[in-house]
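Reading the structure
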Amino acid sequence: MWAFFYVNLLVYFMLLYSYFSSAVPTPLYSTSCQLQGQFHLNGMHKAGNVVLGGVFQIHFFSVFPDQSFISEPQQPTCNGFDVLGFRQAQTMAFVIDEINRNSNLLPNVTLGYSLYDNCLELGIGLRAALSLASGQEKKVVVDETCVGTLPVLGIVGDSASTSSIAISTVYGLYRVPLVSYFATCSCLSDRQKFPSFFRTIPSDAFQVRAMIQILILFGWTWAGLLVSDDDYGLHAAQSFQSDLVQTGGGCLAYVEILPWGNDQAELRRIVDIMRKSTARVVIVFAHESHMINLMEEVVRQNVRGLQWMASEAWTAAAVLQTPHLMPYLGGTLGIAIRRGEIPGLRDFLLQIRPDLQHNNSHGNSIINQFWENTFQCRFAPPPTGWVEAGGALCTGNEVLENVKTELLDISNLRSEYNVYKAVYALAYAIDAMLRCVQGRGPFSGHSCGNLQRLEPWQLVYYLEKVNFTTPFGDQVSFDENGDALPIYDVMNWLWLPDGRTEVQNVGAVKESFKGEELTLDEDKIFWNFESKQPPKSVCSESCPLGTRMARRKGEPVCCFDCLPCSEGKISNKTDSMECTSCPEDFWSSPQRDHCVPKKTEFLSYYEPLGIFLTTTSLLGTIICAVVLVIFTYHRSTPMVRANNSELSFMLLVSLKLCFLCSLLFMGRPSLWTCQLRHAAFGISFVLCVSCILVKTMVVLAVFKASKPGGGASLKWFGAVQQRGSVLALTCIQAAICTSWIVSASPAPHKNTQYYNDRIFYECVVGSTVGFAVLLGYIGLLAIVSFLLAFLARNLPDNFNEAKLITFSMLIFCAVWVAFVPAYVNSPGKYADAVEVFAILASSFGLLVALFGPKCYIILLKPERNTKKAIMGRETTNS
């Protein structure tokens, strides 16, 4: 969408250039330019030899039938009539009519206007502004002297900052002046980007906002509001409530309308509310007469201890500054602000009449649309089915004064007053230019500008010099940035010791480029309290650190309870609306006012469980070493030699590795320990079980060889074949581990699933399939060993140790079958503890079952560790 916008903008740059460049005399180029496209927009027009443009928001919505700038665009459909926007446009028409009747301003010049509706749409507003700058004539012929009047000399608008930025970006290229009446963005003060932009409105510095700034300064978040029963008071109440919510400056404890006249019952009720309320600040938008009646009741009920804030209507009311009332009104803070009035505007609005002859034209269609919206009728021809549905036809003779419409409500003119000043600023600038004396002008060669040879930047020069006073008494001028900066005084009612009263200036509210700035000399302010300090006016006390504000149901937002933050959340400032969650590795302190690092847990060597498992692992390793020493020392005895000593030594080494690999499951996990622990575990146990499997197969082969004709079977189970079988089976597990680590490596992981206030450091397997294959391969070898040993359990004892292997494999399988569910259901470090326990239990089972009886015979029954004893048992068995 933005790309489309900028393309269209570029096209219009070219159109504008084609027009403005026609003012440069050069015989090499054509002396005419042709408009490439014409927009049909809702507008109001009045002829004049000098035309001013205007862009206003008269509708809320718009629909584009055709978005093309190159082709002939169709008229956009605008819906939702904005009466206030229409009144702003009519204000400009009224001001131009008033200027034309003024013989002292622009004599011999008739001002006209071309006003367009932007439909609250950037694209339409830009079309309107470009149409004003380029004109609506399809072909413009300029002679060699470049004599001619620009389509418009200046534009009033737009209301929105966004539209003003877009229009000023284009207008600034040619220095066409744009005077906005409602754009408040401070970015528009950048003279480098917007050299021809001016405005008659400050950045939202109205009287209400000034009062809110005072409330915020003194921390008064709980106040009462009293208003007069008229447009002035009711509009002020509406504006105050909406602005107060937007700024978050506080809440209103009550809003009461002061009655006209001395209605004692109503005044008694209002003062009773003030007396019972916890709000110590009372803001009053009312006239002197209201305050006189109100204060009589305040004195009657003796309601003291209130801080009054006065609107401009009674800030300087001398009738209230009496010794009788000053004990109650002393210390009042008032703000002196001026709102605009435009005499004769209402009469002008009452003269509005529809255009019956050109109802369907674009010329003055806005007036007809207003008429239809106001009187709920339609001009002929009406929409299909309108009359049948009971709709009325507009006659044009309807009387505006007989209907209730915002158009005629001119009691609170703000944006209209800014339009009034903007039009007069342009008029005074043109008037100053026309009064210039040749030879004494401000331009090159002391020349002057004139309507026939006017350059837009010349009018910008005169706008920068504008300085006039409105009939309402406001001085209008622009600073170096094109801004009008109003200043509002803050007044204080001082009650002197001798009984006299004085209204003193204690500060000001002014508009700056940073926004609204409130300056108060607090040392000068008189506070009518014993403490001589500002009062405290809050509905609820501030929430301390570690708590958040929770609104009370059915009460204003300033009335709240302070709830402690939940676990894992903190608030490190007072009056926090929400508690902030701590970062992932942190948890809330007991006071909930700061985050502390979470406790980290893993299977440590220093905790009791870790010490026990480490001790058990080292104990198993030592026992393996002792058995290995025993077997090495007695390697020539029949018991060692008869039980395949080489495989026994390999089995003892693998068991020692099994005990040692359990140590890798303890300590803080890292990438290399996570990868090594499972690889070491898998390879060590496969080596162990492979030795047992080969031993079992050798036992079966030896027994088969002892039978007639079975000697040939031993050639397949020589020493080389045994070592090769163990190596081959182990290499398969090594390949499984390598593939697992490469494809989906185990890695350290911070687990907060089980407890929010602590972190369990653990190793995630990475690939569940890889872990399952590793365990499955160990299980497969164990089951095969168990089955072979079980089949050979009844063979002669002196030929094999099948019964011991059967028992050891039964223990091994039982341990690892129980391991799986225990591992899955163990949280955090306890899963590692379960795996370590399974490793140690199965390793001890193999060690004790396979080598316990042998060590018993070798160490305690040496008489049985002889070939004769073994062979004797064989003979007996035979």
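Below is a short write-up of the structure.

So, how was this worked out
Residues numbered from 1 in each chain as written. Predicted model: local features only at pLDDT ≥ 70, side-chain atom pairs only at ≥ 80, totals over all residues. Heavy atoms only, no water. Helix = DSSP H or I, 4+ residues; strand = E, 2+ residues; numbered from the N terminus. Buried < 20%, exposed > 50% of the residue type's maximum accessible area, 1.4 Å probe, protein only. Contact = heavy atoms within 4.5 Å. Patch = residues over 30% accessible without salt bridge, like charges linked within 9 Å, V, L, I, M, F, W, Y side chains within 5 Å. Areas by Shrake-Rupley, 256 points an atom, 1.4 Å probe, with all protein chains shown as cover. Salt bridge = Lys/Arg side-chain N within 4 Å of Asp/Glu carboxyl O. Pairing = 2+ DSSP bridges. Axes fitted to C-alpha atoms, helices over the stretch in contact; angles between N-to-C directions. Phe/Tyr/Trp six-rings, centres within 6.5 Å; stacked < 30°, edge-to-face > 60°. Lys NZ or Arg CZ within 6 Å of the ring centre and 35° of its normal. Polar contact = N/O pair within 3.5 Å; in protein donor to acceptor, adjacent residues only side chain to side chain. Expected span 1.5 Å × (residues − 1).

Turning to the overall build of the protein, a few remarks are in order. Scanning the protein from terminus to terminus reveals 22 helices and 31 strands. Going through the 878 residues of the protein one by one, you find that 51% of them count as buried. Long-range pairs, those at least 24 residues apart, make up 70% of the contacts in the protein between residues at least 6 apart in sequence.

The next point concerns a nonpolar patch on the surface. A cluster of nonpolar residues, Leu 618, Ile 622, Val 626, Val 653, Leu 657 and Leu 660, forms a patch on the protein surface that exposes about 470 Å² of accessible area. Within the residue set of the nonpolar patch, elements represented by two or more residues are helix H14 (608-633) and helix H16 (645-661). If you trace the backbone, Leu 657 turns up in helix H16.

What follows is about the pairing of strand E30 (residues 747-751). Here E30 runs beside strand E31 (residues 758-764); their pairing, made up of five bridges, is antiparallel. Each bridged residue has a counterpart across the sheet, and for Pro 748 the counterpart in E31 is Cys 763. Counted along the chain from E30 to the antiparallel partner E31, the turn is six residues long.

The next thing to look at is the sheet that holds strand E29 (residues 599-601). With mixed pairing, the three strands of this open sheet are ordered in space as E29-E31-E30. The open sheet has two free edges, formed respectively by E29 and E30, since each of these has just one partner strand. On average, each strand axis in the sheet is tilted by 30° relative to the strand beside it, whichever way the strands run.

Further remarks concern the packing of aromatic side chains. This model, assessed by the stated rule, comprises 29 aromatic pairs. With centroids separated by 5.3 Å and ring planes inclined at 85°, the aromatic side chains of Tyr 461 and Tyr 462 adopt a geometry described as edge-to-face. Overall, the relative accessible area of 29% leaves Tyr 461 in the partly exposed class. In this structure Tyr 462 comes out as buried when scored by relative accessible area, which is 9%. Note on Phe 812 and Trp 816: the rings are 6.4 Å apart at their centroids and 50° apart in plane angle, and the pair reads as tilted. One end of the pair, Phe 812, and the other, Trp 816, are both in helix H20 (residues 802-824), four residues apart, so they sit about a helical turn from each other. For the pair shown, Phe 812 and Trp 816 are each scored as buried. A connected cluster of aromatic rings, assembled from ring pairs, spans Tyr 417, Tyr 420, Tyr 424, Tyr 428 and Phe 468. Directly above the ring of Tyr 328 sits Arg 304, whose terminal nitrogen or CZ lies 4.7 Å from the centroid.

With that out of the way, let us pick up the side chain of Thr 547. Tracing the backbone shows Thr 547 in strand E23 (residues 547-551). Given the relative accessible area of 11%, Thr 547 is considered buried. Engagement of the side chain of Thr 547 in a polar contact is seen with the backbone oxygen of Pro 544, the distance being 2.6 Å. When neighbours within four sequence positions are excluded, Thr 547 is seen to be in contact with Cys 562, Leu 563, Pro 564, Cys 565, Ser 571, Ser 576 and Cys 579.

This part takes up unusual backbone geometry. Along the chain, Gly 157 connects to Asp 158 via a cis peptide bond; the corresponding omega equals -5°. With respect to the secondary-structure elements, Asp 158 resides in the loop between strand E8 (155-156) and helix H4 (161-174). A positive phi angle, near 50°, is found at Gln 376, a position not held by glycine. Given the relative accessible area of 53%, Gln 376 is considered exposed.

Bringing helix H5 (residues 207-218) into the picture now. For H5, with 12 residues, the first-to-last C-alpha span of 17 Å sits near the 16 Å given by 1.5 Å per residue. For H5, the buried fraction is high: nine of the 12 residues fall into the buried class. Every buried residue of H5 is accounted for by Gln 207, Val 208, Arg 209, Ala 210, Met 211, Ile 212, Ile 214, Leu 215 and Phe 218. Positive backbone phi, approximately 70°, marks Gly 219, located one or two places after H5.

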